[in-house]
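For reference, the chains in residue letters:
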Amino acid sequence: DTAVSQTPKYLVTQMGNDKSIKCEQNLGHDTMYWYKQDSKKFLKIMFSYNNKELIINETVPNRFSPKSPDKAHLNLHINSLELGDSAVYFCASSQDGPPPQHFGDGTRLSIL
Amino acid sequence: GNSVTQMEGPVTLSEEAFLTINCTYTATGYPSLFWYVQYPGEGLQLLLKATKADDKGSNKGFEATYRKETTSFHLEKGSVQVSDSAVYFCALSDSSGGSYIPTFGRGTSLIVHP
């Protein structure tokens with residue numbers, strides 16, 4: 001059973017499009033995260049939710065909007081995609097707040 | 001602000017060699033420290049942690065000791081295997097000022113040859 005699953009695994013799209021990445025965890029954790037990993041493996045936190053409430057909202061363009069319909073799901077919607085958005089996006093979860101304990105396998109986003 | 005500095009990689013070793021990956025940190029409070037491992041094509045996994053000075057975290061033959069005096073948390077393993085080839089991330093979580101934003105280092109790639 002996959003603990004943290006995110007879809008799609010690969011996302012190739014044109015500049016200016018809107019896309020969503022979905023994440024689900026079956027661990028019963030109360031905290032979920034979105035991280036961006038660039039081509040040099042640098043990992044930067046974007047958002048964190050605790051029991052559907054936003055607790056971390058780093059300096060991220062407002063084209064990125066997280067949504068947590070319940071504590072097992074945290075989706076990421078991106079509007080007006082730009083070349084610089086190309087990266088691997090990781091969803092993660094933990095119990096009782098940071099740091100993240102389990103990561104998904106990542107979504108590789110490529111902007112053409 | 002908080003920061004984590006790791007040695008640059010890649011670190012290339014032969015199987016059964018001794019591994020050390022250096023990690024130092026700066027933090028305004030009393031952080032908890034962590035090592036994560038990322039195997040090719042996968043997400044990060046929490047490898048080990050230490051929550052206070054002189055604590056030693058250990059898992060799967062890896063260990064790291066929280067050294068407050070040198071602000072370090074170096075990762076060690078006595079005998080590496082080819083399957084240990086991965087990227088290793090040092091991280092801290094500091095609750096001072098009410099912020100729990102976890103901070104990651106830039107990762108150190110380890111390549112183990114048979």
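Scroll up to find the structure this text is about.
Below is a short write-up of the structure. For clarity, every value in this text was computed on a predicted model and none was experimentally measured. (Residues numbered from 1 in each chain as written. Chains lettered and ligands numbered in written order. Predicted model: local features only at pLDDT ≥ 70, side-chain atom pairs only at ≥ 80, totals over all residues. Heavy atoms only, no water.)

This part is about the interface of chain B and chain A. The extent of an interface is frequently quoted as the accessible surface area lost upon association of the parts. At the junction of the two partners, chain B supplies 16 residues and chain A supplies 18 residues. Buried surface at the junction of chain B and chain A, both sides included, amounts to about 1,500 Å², of which 65% is carbon and sulfur. One can count zero salt bridges joining chain B with chain A. One can count three residue pairs in polar contact (both at pLDDT 80 or more) joining chain B with chain A. Residue assignment for the side of chain B that touches chain A shows that the elements contributing at least two residues are strand E5 (32-38), strand E6 (44-50) and strand E10 (86-93) of chain B. Its residues assigned to classes, the side of chain B that touches chain A shows ten nonpolar, four polar and two charged. (Contact = heavy atoms within 4.5 Å. Buried area = accessible area lost by both parts, 1.4 Å probe. Salt bridge = Lys/Arg side-chain N within 4 Å of Asp/Glu carboxyl O. Polar contact = N/O pair within 3.5 Å; in protein donor to acceptor, adjacent residues only side chain to side chain. Helix = DSSP H or I, 4+ residues; strand = E, 2+ residues; numbered from the N terminus. Nonpolar A, V, L, I, M, F, W, Y, C, P; charged D, E, K, R; others polar.)

Turning our eyes to something else, we now look at the sheet that holds strand E7 (residues 56-59) of chain B. Residue and element names in this part refer to chain B. Strand order in the open sheet formed by four strands is E3-E9-E8-E7, with antiparallel pairing between adjacent strands. The two strands at the open ends of the sheet, each matched to only one other strand, are strand E3 (19-21) and E7. Each strand axis lies, on average, 20 degrees off the axis of its neighbour in the sheet, ignoring direction. Pairing geometry for strand E8 (residues 62-65) and strand E9 (residues 75-77), over three bridges, is antiparallel. (Pairing = 2+ DSSP bridges. Axes fitted to C-alpha atoms, helices over the stretch in contact; angles between N-to-C directions.)

Turning next to the pattern of salt bridges. This model, assessed by the stated rule, comprises five salt bridges over all chains. Glu 82 of chain A is paired through a salt bridge with Arg 63 of chain A; the nearest N and O atoms lie 3.4 Å apart. You can see Glu 82 of chain A sitting in the loop between strand E8 (73-78) and strand E9 (87-94) and its partner Arg 63 of chain A sitting in the loop between strand E6 (53-57) and strand E7 (64-70), a full 19 residues away along the chain. Residue Glu 63 of chain B is joined to Lys 56 of chain B by a salt bridge in which the shortest nitrogen-to-oxygen separation is 3.5 Å. Here Lys 56 of chain B falls in the exposed class, since its relative accessible area comes to 52%. Through salt bridges with shared partners, one network takes in Arg 63, Glu 82 and Asp 85 of chain A. (Buried < 20%, exposed > 50% of the residue type's maximum accessible area, 1.4 Å probe, protein only.)

Our focus in this paragraph is the state of the cysteines. Scanning the model with the defined rule gives two disulfides over all chains in all. A disulfide bridge connects Cys 23 of chain A with Cys 91 of chain A, and the sulfur atoms are separated by 1.8 Å. Every disulfide takes its handedness from the sign of the S-S torsion; for Cys 23 of chain A and Cys 91 of chain A that torsion is -80 degrees, giving left-handed. Taken as a pair, Cys 23 of chain A in strand E3 (residues 19-25) and Cys 91 of chain A in strand E9 lie far apart in primary sequence, 68 residues in all. Assigned by exposure class, Cys 23 of chain A and Cys 91 of chain A land together as buried. The disulfide bridge from Cys 23 of chain B ends at Cys 90 of chain B, spanning 2.0 Å between sulfur atoms. Taking the torsion about the sulfur-sulfur bond, which here is approximately -70 degrees, the covalent link between Cys 23 of chain B and Cys 90 of chain B counts as left-handed. Remark: Cys 90 of chain B occurs in strand E10 and Cys 23 of chain B occurs in strand E4 (residues 23-26); sequence separation between them is 67 residues. For the pair Cys 23 of chain B and Cys 90 of chain B, a shared accessibility class is recorded, and that class is buried. (Disulfide = S-S within 2.5 Å.)

Scope: geometric values only; no functional claims are made or implied.
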